[in-house]
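These are the residues of each chain, in order.
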Amino acid sequence: MADLSINLAGIKSPNPFWLASAPPTNSGYQVQRAFEAGWGGAVWKTLGEPIINTSSRFAAISFNGQRVAGFNNIELITDRPLEVNLKEIYETKKRFPNHAIIASLMVEPQQEKWHEIVKKVEDVGVDGLELNFGCPHGMAERGMGAASGQVPALVEKQTYWVKEMAQTPVIVKLTPNITDITATAEAAVQGGADAISMINTINSLAGVDIHSWNTIPHVAGKGAHGGYCGPAVKPIALHMVGECARNPRINIPISGIGGVSNWENAIEFMLMGATGVQVCTAAMHHGFRIVEDMIEGLNNYLDEKGIASVNDLVGKAVHKYSDWGDLDLNYKVVARINNDVCINCNKCHIACEDTSHQCIDMLKDGEGNPILRVREEDCVGCNLCSIVCPVDGAIDMVELPNEFPPMTWNERQAAIGALACAVDTVK
Amino acid sequence: MSLKSISYEDLSSNFDEVEAGLSNREALEEANRCLYCYDAPCIQACPTGIDIPTFIKKIASGNLKGSAKTIMSANPVGASCSRVCPTEELCEGACVLNHATKPIMIGNLQRYATDWAMKNEQLLFTAGEKLGKSVAIVGGGPAGLSAARELALLGYDVTIFEAEEKAGGLNTYGIVSFRLPKAVSYWEVEQVKSLDVEIRTNTRVGQDISVKEIVDCYDAVLLAIGMAHVPSLGIPGEELAGVYDAIEFVKETKTKPITDTLLGKKVAVIGAGNTAIDAATCSVRLGAENVKILYRRTLEEMTAYDFEYEFAKQDGVEFRWLTAPTKLIGEKDKVVGIECMKMELGEPGEDGRRRPIPVEGSEFTLEVDAVIKAIGQSRYLDLIEAFEISHDGGVVTIDSETFQTTNAKIFACGDVIFGKGQGEAMVVSAAQQGKQSAYSIHQLLVPTMETV
C-alpha cells in the first residue's frame, strides 16, 4: 500500500482527492458524507454575504449519448447564513480531525471585509483558506469573483490583505477566463499566497433550445452565461496547471481542478505539477462513492510502478512540457496500418485524403481483399488517422530513425542567425 | 460453437472454451454503458451481493485489479460464476436497462475483470490476523472454498479435506470445459490457498481420516460435501457396457485425454437437468452422430436453465419429451438399444410438478450405442450418518439462519443441504452459503467479536 497522504502548503490530507468548492460541499451533512465515503478534503462552498440563487441552475452537454461530457452552472456562492456554515464547519472538523477542510471565501475587494471573514472562519478551525477569484457569473457583475481575478493588481492586493490576517495557508483560486493565467498566478505569488488552485469554470452558454429558442438553462425565459466544467475542460485545465508549474516565478504548490473524473486524470494533473486535485462534476454525476475507485486505482498504480508515495508523482512530467520552439524538428513518426486488425471502415483514408496529407491508399491485396496502406514518404506523422481509427491496434504511429541530429526551431534560428552574423563578418 | 464448427479430426479442440470473452474495446464500451446505479437492482439480484456497478466502474477507469477484487471479495468463486451463472435470471435480468435499451453484459464484464486478474497472476487478498482457532471444512467445492476464504480472512486456521486430486468440486470436475475451463477453478483454489488455507487433497473423510478425528480436533466443522454419483435408473440392463453416469462422464472429459469412443455413435441421455445438457453437449463434441435427450416430462418441468437448453439445441441435440426408458437392451454385454414408453402428465406431485404416467401400449425401441444417466445425484448418506447429524433422505437438516446442524459445532452448506424445498442448486448460492456459514462459525467461536 503506497502512501497517499499529501501536504499542500501545510494543509494535510489522507489522500489527494478533495471536493472542490461547489454544490457538493454546501453543508456539513454533505461534507461529512463525503468524508465517510473516503474523500481526503473538502473546500467548503464559498462563504460570503449570502445571496439569492435562481431556480434552474445547471445544464450539461451530452456528446453522442454520453451524458455530462461538460457541465454548466449559474449557481452563485452559498445562500445560507454565514453563522450556519461556520457552525457546521466546526462540527465537521471535530468529527473528522484528519480530513482537510478549506474555507472558500469571497467578499468585496475591501481590506476590512477580508480581515473580518478570515478571522471568523479560522476561529472555527479550518485547515486553510481558498480565495475565490474565479467565479465567472453573477458575482463578477458585483465586482467579485472573476472580476477581481482577471486583474493581477486586484489579485495581489486582496491576497495581501488576507495574508495580513490569516494564520492558516492561503490558496488563491484562479479564473481561466483570462489570456495568460500565469499573470494572475504571479500576482498571487506576489501577494504572498501559499498555493494556487486552478481552474475555476470557463464562461459558457450550454445551448439554445431550437424549439422554444430559450437559452439552456433558462430562468423564466431568460439566460445568462455560466461556468463550464466537467470532462470537456480537462485539457484546458491541464495546460494552465502545466504553464504555472513550469514557470520559475510561480514557485508555490498547485491544487489541480478541471474535469478530474477518475484516478488516471488525477495522476495526469499531479505529473503536470499539482500536489493534489479537486473534483466536482464527477461527484455530481455519480455521487461521493466514486472516490473509492479513485483511491484504489491510484494506490494500485503506485504499487505497480513501485512508487512509495503519491508525492513522488508531483511535477514529474513538467520538464517534458515546453515551448513549441524547443521541439525537435527532425523527429519523425509515420502511421502504419495493421491490415490483419483493420476492419476496413476507411475512416483513416477519408480523414487523411480530405483533411490531412493524402497519404493513405485504398488498395486490394493478392486475393482481391481491400487493404489500406500508408505512403510513408508522404506521411507527416500528424496522428489524425490513428485518432479517428475505431479499433485498438489497427494503426501504429511508428518512430523512424532520425536522419539528422535533433534540431529545434530555436536552435535552427540561432544557427541561421550565427551564419548570418558570420556572413556579415565576411562582408 | 455451432454444430457446423465441431471438428471430427481434432476432438479435443471441441472442448476449448466456447465464448471468446470480451475484447478490451468491447469491455470498455460496455462498461461505459453501465449507468452506475445507486442501490442497484443487479446487486440485490446477485445471491452473493457483488457490488456490480462498482466493479464495472473500475473496468471503465482502468482499475482492473480493483474490479477483480470487488468481485472476488463478495464471491470467492466469482470467476467461475461469471461463466456459469444464469445471469438473465439474476443480475442481468434485474438490470434497469431492460426497461430502456438492453441490459449490461454483467457476466461477460465479470469474466473480463477476473480473466485479467488470472492472466496477471494477481493474489487479491491477505489472511487475517490469527485468532488461534481451527475449522475443518469437508469438501473443497464452491461452498467449502467460499467458507474457507472468509474464515481465513477472519484469521482462522482452516483445513479443507478434499477427496479428489484437486479442489474446486463441481467447478473443477462437473461443469464441461467448454463452459468452464479447469484453469479458472484452479485459480480460485489458488486464491484461497494463498491465505494459508491447507487443502488436503486425495483425502476422503471416513476412509483416509476418521470422522471422529475431525470432529474432535477442530473447533468447528463445516460439511460441504455436495452430492454423489447418479442414482440407478432401476430398469434392467444398467450393468451393460456403454452405460455411463453423467457426472463421471463429464469428469472424464476434464481429467483424461479425449478419446474417439463416441465418434459417429448414437447417444441417449436420460434426464433433462443441467448435467444432462452437459452430457449431451459433451457427446456432440466427442463426435457422436446423434444425441437425444429423453425426458419423462416436458419442457415446462425441465430443470435445465434456459440458456443451457438453447445451447444444446444449437448443438443439434434432439429432445424427446414424455419419454421414459423401461429397459436397456444389450448384445454381447454391450448396450445396443433402449426400450421406452411414452408418458402423459397427471396431477401435480409433492414437488408441484405434474407426475408422468405411462401410456399403455406405447412402447418403442431406440437404437443406441451409449446411454448416459443424468437423473439427479445421490447423497453421501454414510458420511452424513457418520457425523451423527439429522438429515432427511441425505438432505442435512440445518437452522436456515445459521447453517448449524443438529450438532452445534457442525455446520453444513452447499448441495448437501439442497433438496426437499431447502436451499438452492446454483454455484453462486453455494458461494453465498459458504460465506454465511463462515460468519456463523465466527459468531460461535468468537462471539464477542463483531461479525462481518
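In the nomenclature of an unreviewed UniProt entry, chain B is known as NAD(P)-dependent oxidoreductase of Bacillus yapensis.

As recorded in an unreviewed UniProt entry, chain A goes by the name Dihydrothymine dehydrogenase, listed as coming from Bacillus yapensis. Entered under Function (unreviewed entry) in the UniProt record, the comment concerning chain A runs "Involved in pyrimidine base degradation. Catalyzes physiologically the reduction of uracil to 5,6-dihydrouracil (DHU) by using NADH as a specific cosubstrate. It also catalyzes the reverse reaction and the reduction of thymine to 5,6-dihydrothymine (DHT)." You can read under Cofactor (unreviewed entry) in the UniProt record for chain A the words "FMN".

Regarding its fold elements, chain B presents 16 helices and 16 strands. Relative to a compact globule of 452 residues, whose C-alpha radius of gyration would be 22 Å, chain B shows 23 Å and is just as compact. In terms of its C-alpha atoms, chain B occupies a principal-axis envelope of roughly 70 × 55 × 45 Å. Residue pairs at least 24 apart in sequence account for 71% of intrachain contacts in chain B once pairs closer than 6 positions are excluded.

A few words now on the interface of chain B and chain A. On the chain A side, the residues contacting the twelve residues of chain B number eleven residues. Of all the elements in the fold, those that place two or more residues in the side of chain B that touches chain A are helix H1 (24-33), helix H3 (52-61) and helix H4 (64-74) of chain B. The dominant element in the side of chain B that touches chain A, judged by the number of residues it contributes, is H3 of chain B, at four residues. Grouping the amino acids of the side of chain B that touches chain A by side-chain chemistry returns two nonpolar, six polar and four charged.

Partitioning chain A into domains gives domain 1 (6-320) and domain 2 (328-400). Look at where the C-alpha atoms of domain 1 of chain A and domain 2 of chain A centre, and you get two points 42 Å apart.

The next thing to look at is the domain arrangement of chain B. Residue and element names in this part refer to chain B. Structurally, chain B comprises domain 1 (20-114), domain 2 (134-228 + 379-445) and domain 3 (243-373). Just the C-alpha atoms count here: the centres of domain 1 and domain 2 sit 27 Å apart. Of the residues lining the interface, twelve residues belong to domain 1; the matching set on domain 2 comes to 20 residues. Element by element, the count of residues in the side of domain 1 that touches domain 2 is highest for helix H5 (residues 78-84), at five residues. A class-by-class count of the residues in the side of domain 1 that touches domain 2 yields eight nonpolar, three polar and one charged.

Criteria and cut-off values
Residues numbered from 1 in each chain as written. Chains lettered and ligands numbered in written order. Predicted model: local features only at pLDDT ≥ 70, side-chain atom pairs only at ≥ 80, totals over all residues. UniProt positions renumbered as here; feature names shortened; annotations may be inferred. Helix = DSSP H or I, 4+ residues; strand = E, 2+ residues; numbered from the N terminus. Rg over C-alpha atoms; globule rule 2.2 N^0.38 Å. Contact = placed C-beta atoms within 7 Å. Nonpolar A, V, L, I, M, F, W, Y, C, P; charged D, E, K, R; others polar. Domains from an automatic or database assignment.

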